[in-house]
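# Architecture and fold: a report
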Amino acid sequence: MAMLVTAPASAGTTLGASAAEKGRYFGTAVAAHKLSDNTYVTILNREFTSVTAENEMKWDATEPSRGTFTFTNGDRIVNHARQRGMAVRGHALLWHAQQPGWAQSLSGSALRAAAMNHVTQVATYYRGKIHSWDVVNEAFADGSSGGRRDSNLQRTGNDWIEVAFRTARAADPNAKLCYNDYNTDGINAKSTGIYNMVRDFKARGVPIDCVGLQSHLSNSVPSDYQANIQRFADLGVDVQITELDISGSNQANVYASVTRACLAVSRCTGITVWGIRDSDSWRTGQNPLLFDGSGNKKPAYTSTLDALNGGGTTVPTTPPTTPPSTPPATTPPPTSGPGGCTATVSLDTWTDGFVATVTVTAGASAITSWRVTIPLPSGATVTNSWSATTTGTTGTTQWTNVSYNGTVAAGQSTGFGFQGTGTVTGLNPTCTAG
Ligand code: XIL
């Protein structure tokens, strides 16, 4: 009698290929200065389908002085990845650590404005190239409080996280927007605080798409790790394992358990390890990665690969792919203003609220100040703004530059933004240059 033979699922021979067979990415943190190390690059190119800049996209790296942006090292990583079809995770737009000195010394509305301008500028610069952004990193406190960590950003007001997500959405509508943290791997007070925030964001239409579990682990994984991933997934967000590294003699088993937990939840869309070789790890001396200092595969590599090839009963969505190199246009062509500048608005709206991100572009000659006039429809009220001074919160609003963004070279752009309540479907800005 004829037998129907079901071909066994093919077993991949690299982390990236095996994860892809399960519809997921397998990524690593990358340091730009190591891209000239042959052993490092050989493993990177062979094994991984996603990269995260280990430090190069953080605030201190990308905006070392206020309003001056440096993307050289971030671009080296992005270009390396895109040329080889790897996806890129963006890490991290706002964080209490690794802030430039000038931001550390700001507070209140000045810090809020600078922070949201940072989000806008960096997310806009990389628009179309990032599959997921860690919009906010490590904003919750350790321990039993379940509340926010104290920081200069937190002291600008509890709404700083949601304003950051709305601002990021306006700047890059296609990136998945993540909240990322550590010690959140099991069900505990900290992860529950984040869970409650995500549930609240979903209920109020704050744009959040994913939660990152850093998963810096020591010899074991919480027994409710998969249940924790599942409860976030059940809120309607993806979960990504974002910075996995595991110390201790039980390492190989723990890597396998983490991998199987992710494969068991369809919305767990990818795993990133925080470095390639043990010698690349930030956890000096703990050897928490998948390759030894010489680039040899460790038992943890084999157990992870085996878990990828064996596990996985659910088929999630297609893994992220590299988007086309030309970002889609999201704003209408500029309308000419009476002076030497133009303004365009990108709008992110939700029920009874909006974020407007305004780009101001100098004409054929440099400008030293600008004013943008924006009529708001009735019922719309500005509640918060950044990187501009406003006259009026309803009706015809006027926006003038602040000290650091008035000077714009010919053809170059700067920006500001505001948030409000009410229904707005489109805005018509006019720009006047000084
Ligand atoms: C670490 C980097 O690996 C180090 O090179 C750097 O000196 C400090 O930051 N959580 C995070 C990561 O979100 O950005 C951190 O990366 C590790 C902890």
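Residues numbered from 1 in each chain as written. Predicted model: local features only at pLDDT ≥ 70, side-chain atom pairs only at ≥ 80, totals over all residues. Heavy atoms only, no water.

## Regarding the state of the cysteines
Here a disulfide denotes one covalent bond, and it connects the sulfur atoms of two cysteines. In total, this model carries three disulfides according to the counting rule given. The partner cysteine of Cys178 in its disulfide is Cys210, sulfur to sulfur 2.0 Å. Linking Cys178 and Cys210, the disulfide has an S-S dihedral of approximately -85 degrees and is accordingly described as left-handed. Taken together, the residues Cys178 in strand β5 (residues 176-181) and Cys210 in strand β6 (residues 210-213) connect sequence positions 32 residues apart. Accessibility expressed as a relative area gives 0% for Cys178, which makes it buried. For Cys210, a relative accessible area of 0% gives the class buried. If one numbers only the bonded cysteines of the chain, in the order they occur, the disulfide pattern is 1-2, 3-4, 5-6. (Disulfide = S-S within 2.5 Å. Helix = DSSP H or I, 4+ residues; strand = E, 2+ residues; numbered from the N terminus. Buried < 20%, exposed > 50% of the residue type's maximum accessible area, 1.4 Å probe, protein only.)

## Details of the pattern of salt bridges
By the definition in use, this model includes 17 salt bridges. When the shortest N-O distance is used, the salt bridge between Asp238 and Arg267 registers 2.9 Å. One end of the pair, Asp238, is in strand β8 (residues 238-247); the other, Arg267, is in the loop between α10 (251-263) and β9 (268-273), and 29 residues separate them in sequence. By relative accessible area, which is 6% here, Asp238 ends up buried. The residue Lys298 makes a salt bridge to Asp278 at a minimum N-O spacing of 2.8 Å. A residue pair is termed long-range when its members are at least 10 positions apart, and Lys298 in the loop between β9 and α11 (299-310) and Asp278 in the loop between β9 and α11 qualify at 20 residues. Among the residues examined, Lys298 registers a relative accessible area of 12% and is labelled buried. In this structure, a network of salt bridges that share partners links the residues Lys34, Asp37, Arg277 and Asp280. (Salt bridge = Lys/Arg side-chain N within 4 Å of Asp/Glu carboxyl O.)

## Structural notes on the confidence of the model for the chain
Note: predicted coordinates in regions of low pLDDT should not be interpreted at a detailed level. Of the residues in the chain, 90% have a pLDDT of 70 or more, and the chain-wide mean is 91. Low pLDDT, under 50, characterises residues 311-317; the stretch is placed with 16 contacts to residues that sit more than four places away or in other chains. Across residues 324-331, confidence stays below pLDDT 50; counting only partners more than four residues off in sequence or on other chains, it has 12 contacts. (pLDDT = per-residue confidence, 0-100. Contact = heavy atoms within 4.5 Å.)

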